[in-house]
Amino acid sequence: MKRRIVFHYSAFADFNEWLNLDKKLHKKIIELIKDIERSPYMRDWANPNL
């Protein structure tokens, strides 16, 4: 099931600004969102082996 990603308006502005200011951070956020979409019910994001 595809979930809808929703940003707070100021968070979305920051997200878009990072595209120009810090591409590495922007890419990491996108990777995290994709990971959450794949495993939305994972308990411990810091330890994916659980």
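In case you missed it, the structure is sitting above this.
Note that this is a predicted model, so its numbers are computed, not measured.

The rules we used
- Residues numbered from 1 in each chain as written.
- Predicted model: local features only at pLDDT ≥ 70, side-chain atom pairs only at ≥ 80, totals over all residues.
- Heavy atoms only, no water.
- Helix = DSSP H or I, 4+ residues; strand = E, 2+ residues; numbered from the N terminus.
- Buried < 20%, exposed > 50% of the residue type's maximum accessible area, 1.4 Å probe, protein only.
- Phe/Tyr/Trp six-rings, centres within 6.5 Å; stacked < 30°, edge-to-face > 60°.
- Axes fitted to C-alpha atoms, helices over the stretch in contact; angles between N-to-C directions.
- Parallel < 35°, antiparallel > 145°, perpendicular 65-115°, else oblique.
- Contact = heavy atoms within 4.5 Å.
- Nonpolar A, V, L, I, M, F, W, Y, C, P; charged D, E, K, R; others polar.
- Salt bridge = Lys/Arg side-chain N within 4 Å of Asp/Glu carboxyl O.

Peer 1: With reference to specific residues and values, describe the overall build of the protein chain.
Peer 2: Per the secondary structure count, the protein chain includes two helices and zero strands. Counting all 50 residues of the protein chain, 8% fall into the buried class.

Peer 1: Please set out the packing of aromatic side chains residue by residue, giving values where relevant.
Peer 2: Applying the stated rule across the entire model yields three aromatic pairs. Linked through ring pairs, Phe7, Phe12 and Phe15 together constitute an aromatic cluster.

Peer 1: How would you summarise the environment of Leu25 if you had to cite specific residues and measurements?
Peer 2: One can find Leu25 in helix α2 (residues 23-38). The class of Leu25 is partly exposed, set by a relative accessible area of 32%.

Peer 1: Quick rundown of the packing of helix α1 (residues 9-21) against α2? Include the residues and the values.
Peer 2: Between α1 and α2, the shortest axis-to-axis distance is 6 Å and the interhelical angle comes to 135°. Comparing the axis directions of α1 and α2 gives the class oblique. Residues Phe15, Trp18, Leu19 and Leu21 of α1 form the contact with α2, whose participating residues are Lys23, Leu25, His26, Ile29 and Ile30. Along the lines of polarity and charge, the residues of the contact of α1 with α2 split into seven nonpolar, one polar and one charged.

Peer 1: So what's going on with the pattern of salt bridges? Which residues, and what values?
Peer 2: A complete count under the given rule lists one salt bridge for this structure. Here Arg38 ties to Asp35 by a salt bridge, and the two come within 3.5 Å at their closest N and O atoms. Taken together, the residues Arg38 and Asp35, both in helix α2 and three residues apart, mark about one turn of the helix. According to the relative accessible area criterion, Arg38 is exposed, its value standing at 60%. Judged by its relative accessible area of 27%, Asp35 falls in the partly exposed class.

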